[in-house]
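Residues per chain, in single letters:
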Amino acid sequence: MRYRTIGTAPGTRREGSVLALGAMLFGSRTDEKTSFAVLDRYVEAGGTFIDTSDNYAFWEDGGQGGQSEELLGRWRRSRGVGDEILIATKLGARPLAPGTDYVDNPEGLSAKMIRESAERSRERLGVDRLDLLYAHIDDHTVPQRETVEAFARLVAEGTVGLLGVSNQAVWRVERARAIAVAAGLACYEVLQYEHSYLRPRLDVPGGLFPDGSLGAVGPEMLGYLRAEPGLTLVAYSPLLKGAYVRPERLPAEYDHPGTPARLAALHEVARETGATVNQVVLAWQLGGALPVVPLVGASSVAQLEESLAAVDLELSHDQRFRLDSAH
């Protein structure tokens, strides 16, 4: 395993493994025995960066979520896990009531809800401090200053370490960071967005994004990362939920003229290296110029093993050039 520094402030920055493990379905669709086995193997391989959320996985039973955090809490206690493992969680997108969701009834990012949600997450995880806490989705009903100050207050109190943000427009992220910098407060240093080798159309509307996706990495986000080297991108769905090996799963936003050329380049490099296409995708992210941490899911140890092997896959300059230039 390899590691990178996440964050910049001496009191909160952390070393984390370059490959993060997503625990979204642990404790719900993925049973406890399997979840524990995947977590144990990830740690055995040197993994130290686990991702969850307070609303995972509310859609599985129509509730409000919390199963993933609760399972991670049980795993931590049973294995004696301490501060050596960085556990990231998110708040703001937990449904306010069972049977609703984050599009029409989210908890949001008010100061009151941020504090209450963070306390619940600490209790479920069994920790005194949340290593990394994200704003899961945006909340335009609350002044950004209130949200920024509420997150920074938790950092100042020592109950939160690093701060992150997900699924927000780049201009909103920068505005929040500017508010924090002007006031001398802690703010977002980790960005979690959908990012893979294939490029999605960003103009396809959805329930959370009626004007087109704000949750996927596009040219504006890439430029922002180049301009702000202290930021880290955690790339969720890097393997597009299995679509690289099961094309019928490819989401509609990837159905455009640029996709076939990039798929052809990807399969060509996979044949040359003897690696799987999934491993080439992860190696492409891991070895790039920007600070990207792929966030992989696994419903079995075998799936995890495939992703772990990508950490040691080195692409040549020519292979990377061909992958980057395909369009």
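These figures come from a predicted structure and were not determined experimentally.

*Asks:* What's the story with the pattern of salt bridges in this structure? I'm lost.
*Replies:* Pairing of side chains with opposite charge becomes possible as their charged atoms draw close. For the coordinates displayed, the defined rule picks out 19 salt bridges. For Arg124, the salt bridge is made with Glu69, and the minimal N-O distance between the two is 2.6 Å. Of this pair, Arg124 sits in helix 4 (residues 111–125) while Glu69 sits in helix 3 (residues 67–79), placing them 55 residues apart in sequence. By the burial criterion, Arg124 is buried, and Glu69 matches it. Here Glu107 and Arg120 are joined by a salt bridge, their closest N and O atoms 2.9 Å apart. Taken together, the residues Glu107 in the loop between strand 5 (86–91) and helix 4 and Arg120 in helix 4 connect sequence positions 13 residues apart. Since its relative accessible area comes to 9%, Glu107 is described here as buried.

*Asks:* For this particular structure, what's the right way to read the packing of helix 4 against helix 5 (residues 144–157)?
*Replies:* Helix-helix packing: each pair is described by the crossing angle between the helix axes and the interaxial distance. Running from N to C, helix 4 and helix 5 point in directions that differ by 35 degrees, and their axes come no closer than 8 Å. Where helix 4 crosses over helix 5, the two elements pack in a sense that is right-handed. Mapping the contact onto sequence places Ala111, Ile114, Arg115 and Ala118 in helix 4 and Glu146, Thr147, Ala150, Phe151, Arg153, Leu154 and Glu157 in helix 5.

*Asks:* Help me understand the packing of helix 1 (residues 32–44) against helix 3, please; the structure alone is not making it clear to me.
*Replies:* In contact at an axis separation of 11 Å, helix 1 and helix 3 are set at 60 degrees when each is read in the N-to-C sense. Looking at the two axes, helix 1 sits oblique to helix 3. The two elements helix 1 and helix 3 cross, and the hand of that crossing is right-handed. Of the residues in helix 3, those touching helix 1 at Glu32, Ser35, Phe36, Leu39, Asp40 and Val43 are Leu71, Leu72, Arg74, Trp75, Ser78 and Arg79. Class assignment of the residues belonging to the contact of helix 1 with helix 3 gives a composition of six nonpolar, two polar and four charged.

*Asks:* What is the right way to read the pairing of strand 6 (residues 130–135) from this model?
*Replies:* For a regular strand, side-chain orientation follows a simple rule: the groups alternate between the two sheet faces. The buried fraction of strand 6 amounts to six of the six residues, a majority that puts the element mostly inside the structure. Looking at chain direction, strand 5 and strand 6 are connected through four bridges and run parallel. Looking across to strand 6, one finds that Lys90 is bridged to Tyr134. A crossover links strand 5 with its parallel partner strand 6, the connecting element being helix 4, and its sense is right-handed. Sheet topology places strand 6 next to strand 7 (residues 160–166); five bridges connect them, and they run parallel. Following the sheet pairing, Ala135 is matched in strand 7 by Val165. Running through helix 5, the crossover from strand 6 to the neighbouring parallel element strand 7 is right-handed.

The rules behind each value
- Residues numbered from 1 in each chain as written.
- Predicted model: local features only at pLDDT ≥ 70, side-chain atom pairs only at ≥ 80, totals over all residues.
- Heavy atoms only, no water.
- Salt bridge = Lys/Arg side-chain N within 4 Å of Asp/Glu carboxyl O.
- Helix = DSSP H or I, 4+ residues; strand = E, 2+ residues; numbered from the N terminus.
- Buried < 20%, exposed > 50% of the residue type's maximum accessible area, 1.4 Å probe, protein only.
- Axes fitted to C-alpha atoms, helices over the stretch in contact; angles between N-to-C directions.
- Left-handed = near helix turned anticlockwise from the far one by under 90°.
- Contact = heavy atoms within 4.5 Å.
- Parallel < 35°, antiparallel > 145°, perpendicular 65-115°, else oblique.
- Nonpolar A, V, L, I, M, F, W, Y, C, P; charged D, E, K, R; others polar.
- Pairing = 2+ DSSP bridges.
- Right-handed = clockwise from strand over helix to strand, strands pointing away.

Nothing here speaks to function; it is all geometry.
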